[in-house]
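Examining the three-dimensional arrangement
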Amino acid sequence: YPKLFIFDLDGVITDTAEQHYVAWKEMAQSIGIEIDREFNESLKGVSRGDSLDKILNLNHNLHVSEEQKTELMEKKNEAYRELITSIEPEDIYPGIGELLERLRENSIKIALGSASKNAPFIIKQLQIEHHFDYVVDPASVENGKPAPDIFLKAADELDVAYEECVGIEDAIAGVTAINEAGMFSVGVGDEAQLDHADYVVADTAELKLEAIIDRFDE
Ligand code: B16
Ligand code: MG
């Protein structure tokens, strides 16, 4: 029986992928690089620094110093922060509020394992911060997803064995991170893309506690 559920944020609890995309696109354009939605898929779940590297890799003729990289990341984050100021409880994906409540009722702990440094602000805006026993600060771990560090940190802090944890992710890199952590992975999205997950649902509305526990106990 699981003791801890670790949630990803962007793509699982709410959809901030669009705002990330708009902000990265604007930043990329400022240095003459065009990105599209398909490319944006490869940025999902990936940290700010690694995302910038992926964008810069699209033009090997550009030489960007570490200082300029920091500036570019700040610029992107400012634009992103501007875009997320209006996030509200109505933006929570279907089924998530119910799942959080069911977990509480069953005394299962809840953690947030997002790669986003803006996660504390977002869960506050969504008015769900009181549900979380622990929120991982991605700056406190060495490696981002697909490395398992963020998920391991949540379990360590709450003193739960890795095999008693469930991780929920929408990104390919995120599911890999959960598996690497030795936890039960639940993928939300396209079954073909997330076929490395232990259990996949197409939509957050299908995230039912009983179904997840049944699979977990198998
Ligand atoms: P920030 P998640 C990830 O959130 C996003 O999917 C990814 O697009 C973003 O670059 C990353 O957080 C870092 O976000 O720039 O706000 O620190 O899916 O791990 O909840
Ligand atoms: Mg995600």
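Structural data are supplied above this passage.
Here is a short report on the structure shown in this document. (Residues numbered from 1 in each chain as written. Chains lettered and ligands numbered in written order. Predicted model: local features only at pLDDT ≥ 70, side-chain atom pairs only at ≥ 80, totals over all residues. Heavy atoms only, no water.)

Observations concerning the packing of aromatic side chains
Counted according to the given criterion, the structure contains one aromatic pair. Relative to Phe216, the ring of Phe184 lies with its centre 5.6 Å away and its plane at 65°, an arrangement referred to as edge-to-face. Within this pair, whereas Phe184 is found in strand 5 (residues 184–188), its partner Phe216 is found in helix 9 (residues 209–217), the two being separated by 32 residues in sequence. The lysine or arginine in question, Lys76, covers the ring of Tyr80, its NZ or CZ lying 4.6 Å from the ring centre. If you follow Arg81 out to its NZ or CZ, it ends over the ring of Phe121, 4.4 Å from the centre. (Phe/Tyr/Trp six-rings, centres within 6.5 Å; stacked < 30°, edge-to-face > 60°. Helix = DSSP H or I, 4+ residues; strand = E, 2+ residues; numbered from the N terminus. Lys NZ or Arg CZ within 6 Å of the ring centre and 35° of its normal.)

Let's talk about the site of ligand 1
As a matter of local geometry, ligand 1 sits amid 17 residues, with Arg48, Ser114, Ser116, Lys117 and Asn118 nearest to it. One nitrogen or oxygen atom from the side chain of Asp8 is found 2.9 Å from an oxygen atom belonging to ligand 1. For ligand 1, the protein covers 98% of the area, taking 470 Å² as the surface of the free molecule. When atoms are counted within 2 Å of each cavity's grid points, the one that captures over half of ligand 1 is the largest pocket. Of the residues contributing to the shell around ligand 1, the split by class is four nonpolar, six polar and seven charged. (Near = heavy atom within 4 Å. Polar contact = N/O pair within 3.5 Å; in protein donor to acceptor, adjacent residues only side chain to side chain. Areas by Shrake-Rupley, 256 points an atom, 1.4 Å probe, with all protein chains shown as cover. 1 Å grid on protein atoms, 1.4 Å probe; cavity = no way out; pocket = protein on both sides within 12 Å on 5 of 7 lines; lining within 4 Å. Sits in = over half its atoms within 2 Å of the grid points. Nonpolar A, V, L, I, M, F, W, Y, C, P; charged D, E, K, R; others polar.)

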